[in-house]
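Below are the chains, spelled out letter by letter.
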Amino acid sequence: MKKLLTLAAATLLSACQSTTPAGEASLDGEVFYLQRIALPPSATLSVSLQDVSLADAPAIVLAEQNSPIKGQVPLPFHLSYDPAQVKSGHRYSVSARIEVNGELMFITTENHAVQLDGNDPQPLKIRVDAVR
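Reading the values: rules and limits
- Residues numbered from 1 in each chain as written.
- Predicted model: local features only at pLDDT ≥ 70, side-chain atom pairs only at ≥ 80, totals over all residues.
- Heavy atoms only, no water.
- Phe/Tyr/Trp six-rings, centres within 6.5 Å; stacked < 30°, edge-to-face > 60°.
- Helix = DSSP H or I, 4+ residues; strand = E, 2+ residues; numbered from the N terminus.
- Buried < 20%, exposed > 50% of the residue type's maximum accessible area, 1.4 Å probe, protein only.
- Pairing = 2+ DSSP bridges.

Peer 1: Which parts of the structure should I look at to understand the packing of aromatic side chains?
Peer 2: The description of two aromatic rings rests on the distance between their centres and on the angle between their planes. Counted by the stated rule, this structure contains one aromatic pair. Centre to centre, the rings of Tyr 33 and Phe 106 are 4.2 Å apart; their planes meet at 10°, and the pair counts as stacked. On the criterion of sequence distance, the pair formed by Tyr 33 in the loop between strand E1 (25-32) and strand E2 (43-51) and Phe 106 in strand E6 (residues 103-107) is long-range, its members being 73 residues apart.

Peer 1: Explain unusual backbone geometry to me, please; I cannot follow it from the model alone.
Peer 2: With the exception of glycine, most residues fall at negative phi, and the peptide bonds are largely trans. Residue Pro 74 is reached from Val 73 by a cis peptide bond, and omega for that bond is 0°. Secondary-structure assignment places Pro 74 in the loop between strand E3 (60-68) and strand E4 (75-81). Here the bond from Gln 122 into Pro 123 is cis, since omega is 5°, no more than 30 degrees from zero. Along the polypeptide, Pro 123 turns up in the loop between strand E7 (113-114) and strand E8 (124-127). Despite not being glycine, Asn 101 has its phi angle at roughly 50°, a positive value. Mapped onto the secondary structure, Asn 101 falls in the loop between strand E5 (92-100) and E6.

Peer 1: Got a minute to help me understand the pairing of E2 in this structure?
Peer 2: Across a regular strand the side chains alternate sides, sitting on one face of the sheet and then on the other. With respect to burial, E2 is a largely interior element, eight of its nine residues being buried. Where E2 lies against E5, nine bridges are found, and the strand directions are antiparallel. Residue Asp 51 lies in a different strand from E5, and its bridge partner there is Tyr 92. With eight bridges joining them, E2 and E3 adopt antiparallel strand pairing. Within E3, the position partnered with Ser 48 by the bridge is Glu 64.

So this is what it looks like as structure tokens:
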């Protein structure tokens, strides 16, 4: 009887683990710039969460938001990512850019590091600088 209960409990546990969907985490924030200019209606905002651990390799994108801009700065964003992709000892960063008709107007010029451990301040404040 004891073996039967143990087997039943093990089966139930494995069934629960296989049907549990992967969790989802998110970062919320806003992008801003210091110049006192309005964005045209054709402007688009791109924000991405990247693994920037390897200096000699392209960053790995964990989440990205690309959308037309509605309104003016500060511009809100929401990035949903799979926490299973977050690796211990890796470095993560959020970057943003604003384009108008495919031409880059603003971009992040500083590293906006995030820990992805639930302790990152939200909303994140991401400054972009004008491209000259």
